[in-house]
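Residues per chain are reported as follows:
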Amino acid sequence: GGPAPGSGGGGGSKAKKKNGRSRGGKANNPPYLPPEAEDGNIEYKLKLVNPSQYRFEHLVTQMKWRLQEGRGEAVYQIGVEDNGLLVGLSEEEMRASLKTLRRMAEKVGADITVLREREVDYDSDVPRKITEVLVRKVPDNQQFLDLRVAVLGNVDSGKSTLLGVLTQGELDNGRGRARLNLFRHLHEIQSGRTSSISFEILGFNSKGEVVNYSDSRTAEEICESSSKMITFIDLAGHHKYLKTTIFGLTSYCPDFAMLVVSANTGIAGTTREHLGLAMALKVPFFIVISKVDLCSKATVERTVKQLERILKQPGCNKLPLLVNSDDDAVTAAQQFAQSPNITPIFTLSSVSGENLDLLKVFLNILPPLTNSKEQEELMQQLTEFQVDEIYTVPEVGTVVGGTLSSGICREGENLVVGPTDDGKFLRLKVCSIQRNRSACRVLRAGQAATLALGPFDRSLLRKGMVMVSPEMNPTICSVFEAEIVLLFHATTFRKGFQVTVHVGNVRQTAIVEKIHGKDKLRTGEKAVVRFRFIKHPEYLKIGAKLLFREGVTKGIGHVTDLQAITTKENGLEESLGPGQLSF
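Residues numbered from 1 in each chain as written. Predicted model: local features only at pLDDT ≥ 70, side-chain atom pairs only at ≥ 80, totals over all residues. Heavy atoms only, no water.

Draft legend 1. Broad picture of the overall build of the protein. Summing up its helical and strand segments, the protein has 14 helices and 31 strands in all. Residues counted as buried form 54% of the 583 residues belonging to the protein. A fraction of 72% describes how many contacts in the protein between residues 6 or more apart in sequence connect residues 24 or more apart. Surface summary for the protein: the accessible area is close to 25800 Å², and the carbon and sulfur share equals 50%. (Helix = DSSP H or I, 4+ residues; strand = E, 2+ residues; numbered from the N terminus. Buried < 20%, exposed > 50% of the residue type's maximum accessible area, 1.4 Å probe, protein only. Contact = heavy atoms within 4.5 Å. Areas by Shrake-Rupley, 256 points an atom, 1.4 Å probe, with all protein chains shown as cover.)

Written out as structure tokens, the structure reads:
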């Protein structure tokens, strides 16, 4: 079929455009959306009534592109012109259009869920509607879409309880039953406080229904039946565990952060610091006000106002968006992903379950931040895996956990790991890979996983090392320079001062060797500073974000220059003496 019969799909739209535009909508429901973007995963369709075969094929190809852009998720707005004009369709046209959309989805092997429909207020006698539809398909080469959400908030704000309720699917009894499932150490159960970093998973199937532990599923079953997985990284809220929290934020590279604030205490303790950390590391965050069952409406409102005031300050410059309905949740998820300065706020209770569904709707629609293009580019680079955790597993041997920051890693691949204390890199082989507790053949850039290394000697490894492909010739350094801002300092910050430096998964004490152009720094001042690691060289990259602290001293910045020690001089070959071969 030539293009002529294909024009039936959009033929009748020209006449409608005029009257729609001249009358316009009511003030509260603007008649426009922003014009459709070429890239991204949102597609506007005026109507899809009985398309010809030629047009149908074209529509399917277009859907594949949108799905690829959103890494397996796309949103279709039906009844909207490409320029963003909300035209709306009659009941009959809408039904036919949805039927076509379903056929298209079947063709590409996706599922569709209607997110919401709304009426367009024109003065026509027939009610006209716009429908927003979520299309989800798990990419063929991947088991599920993966999002990482770091969970922040003051101690006792109800973080672990909220996660317990989301991932276990039963409400709390008000005395902390829900969070017992999350704690790792005995002292955490006794005091009810999280000191380590724990991971919890929440899945959504392709129809957007929650998949969690409620039907006594195991983690593997959740992975198998979910098309989207959200990994919550539960970070410690208590002040004395701040370094664990910073480590979690810098090394696990979360896509988003969820700041939990308790309605009855408002902003207290470490809340401001966590807010500051998220801002400094440029992690987009949303806020959950928990425990609304404990206090009056007025108290909840007061907490919301307090938060809105802080968010609007020049330092934050965020636009708070209070979520009160499903409709708000859908809007919040889409706007949040498009512009990072919007901050959705949820008010909910883990005991009564009030508004929990809104948070689930939001998490279900939340699109991944990096689009497929960026990920493809990262995958083409050489392999680099950051080591965050090291364990020994009986009958498996040494296992490392962490994130693949670039490239692709396959089972059976040979890599080198380092730097060791004397700056060398050692060879090793990846025996098997696990992602979210289920086996996986290939690991792609941006994904977190655990790698089994077989009989490799665990004592040679430490947190902060990297595993890279042998041809990378990695640069390591003991001395580096960074442009920093001193956030808070009790005395003066000068040469010889020692601080703990966090860069990604690297954490080591460093000494200040020189402050360029000044002899000392005060709070709020900016400078380029030269640091030297005390113990051993580390693998750093120029431009990496950096955080340092010592007691009350805190600062942020980024690495600007490295004094590289090349591994050639140390000789990768020599380090492979007969005793060190680890194939």
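Draft legend 2. Examining the sheet that holds strand β3 (residues 111-120) more closely. Taking strand neighbours across the sheet as the criterion, the four strands line up as β1-β2-β4-β3 in an open arrangement whose pairing is mixed. Since the sheet does not close on itself, it has two edges, and those belong to β1 (42-45) and β3, each with one partner. Taking the axes of each pair of neighbouring strands and ignoring which way they run, one obtains an average angle of 20° across the sheet. On top of the sheet, helix α3 (residues 53-69) reaches β1, β2 (73-78) and β4 (128-136); it is set at about 130° to β2, its chief contact. Contacting β1, β2, β3 and β4, helix α11 (residues 326-338) runs over the sheet at an angle of about 105° to β3. (Pairing = 2+ DSSP bridges. Axes fitted to C-alpha atoms, helices over the stretch in contact; angles between N-to-C directions.)

Draft legend 3. How the structure looks around the pairing of strand β26 (residues 506-515). Strand direction decides the pairing type here: strand β25 (residues 498-503) and β26, joined by six bridges, are antiparallel. Across the sheet, the residue bridging to V503 is V506, located in β26. Judged from the five bridges that link them, β26 and strand β28 (residues 526-533) form a sheet pairing that is antiparallel. Each residue of the ladder has a partner; that of K514, found in β28, is R530.

Draft legend 4. Broad picture of a nonpolar patch on the surface. Among the surface-exposed residues, Y391, V393 and V396 lie close enough to one another that they form a single nonpolar patch of about 200 Å² accessible area. Turning to its location among the elements, V393 is positioned in strand β13 (residues 384-393). (Patch = residues over 30% accessible without salt bridge, like charges linked within 9 Å, V, L, I, M, F, W, Y side chains within 5 Å. Salt bridge = Lys/Arg side-chain N within 4 Å of Asp/Glu carboxyl O.)

Draft legend 5. Representation of the packing of aromatic side chains in the model. Applying the stated criterion to the full structure yields eleven aromatic pairs. Ring geometry for F286 versus F346: centroids 6.2 Å apart, planes at 75°, classification edge-to-face. With a gap of 60 residues between them, F286 in strand β10 (residues 285-290) and F346 in strand β12 (residues 342-347) connect regions that are remote in the sequence. Summarising the burial analysis for this pair, F286 and F346 share the class buried. Each member of the aromatic cluster is reached from another via a ring pair, and the members are F480, F493, F497, F531, F533 and F548. Between R103 and the ring centre of F56, over which it is positioned, the NZ or CZ distance is 4.2 Å. (Phe/Tyr/Trp six-rings, centres within 6.5 Å; stacked < 30°, edge-to-face > 60°. Lys NZ or Arg CZ within 6 Å of the ring centre and 35° of its normal.)

Draft legend 6. Main features of the pattern of salt bridges. Applying the stated rule across the entire model yields 18 salt bridges. When the shortest N-O distance is used, the salt bridge between R66 and E36 registers 3.8 Å. You can see R66 sitting in helix α3 and its partner E36 sitting in the loop between α2 (13-23) and β1, a full 30 residues away along the chain. We note a salt bridge from R530 to E513, for which the minimum N-O separation is 3.3 Å. Taken as a pair, R530 in strand β28 and E513 in strand β26 lie far apart in primary sequence, 17 residues in all. Residue classification places R530 among the partly exposed residues on the basis of a relative accessible area of 22%. Through salt bridges that share partners, E36, E43, K45 and R66 make up one connected network.

Draft legend 7. Quick peek at the packing of α11 against helix α12 (residues 356-365). Between α11 and α12, whose axes approach to 8 Å, the crossing angle comes to 35°. Viewed along their axes, α11 and α12 form a crossing whose handedness is right-handed. The residues of α12 that touch α11, namely those facing D326, A329, V330, A332, A333 and F336, are L358, V361, F362 and I365. Broken down by class, the residue content of the contact of α11 with α12 amounts to nine nonpolar, no polar and one charged. (Left-handed = near helix turned anticlockwise from the far one by under 90°. Nonpolar A, V, L, I, M, F, W, Y, C, P; charged D, E, K, R; others polar.)

Draft legend 8. Main features of the nonpolar core. Ranked by internal contacts, the top residues of the largest apolar core, which has 41 residues, are F232, M258, F286, L359, F362 and L363. Of all the elements, α12 adds the most residues to this core, at six residues. (Core = buried A, V, L, I, M, F, W, Y, C linked by side-chain atoms within 4.5 Å.)

Draft legend 9. Layout of the side chain of S478. Position of S478 relative to the elements: it lies in strand β23 (residues 475-488). Classification of S478 as buried rests on a relative accessible area of 17%. Discounting chain neighbours no more than four positions away, the residues touching S478 are F531, R532, F533, H536, P537, Q563 and I565.

Draft legend 10. Quick peek at the sheet that holds strand β17 (residues 426-429). Spatially, β17-β16-β22-β13-β14-β21-β18-β19 is the arrangement adopted by the eight strands of the open sheet, whose pairing is antiparallel. With one partner strand each, in any of the chains shown, β17 and β19 (438-439) form the two edges of the open sheet. Judged from the two bridges that link them, strand β18 (residues 432-435) and β19 form a sheet pairing that is antiparallel. Looking across to β19, one finds that R435 is bridged to S438.

Draft legend 11. Looking closely at the pairing of β4. Burial within β4 is extensive, with eight of its nine residues counted as buried. Direction of pairing for β2 relative to β4: antiparallel, over a ladder of six bridges. When the sheet's bridge partners are listed, A74 is paired in β4 with V135.

Draft legend 12. Here's a closer look at the packing of helix α5 (residues 159-168) against α12. Direction vectors running N to C along α5 and α12 enclose 70°, while the axes themselves pass 12 Å from each other. For the element pair α5 / α12, the angle class is roughly perpendicular. Mapping the contact onto sequence places L162, V165 and L166 in α5 and L356, L359, K360 and L363 in α12. (Parallel < 35°, antiparallel > 145°, perpendicular 65-115°, else oblique.)

None of the figures reported here should be taken as evidence of function without further support.
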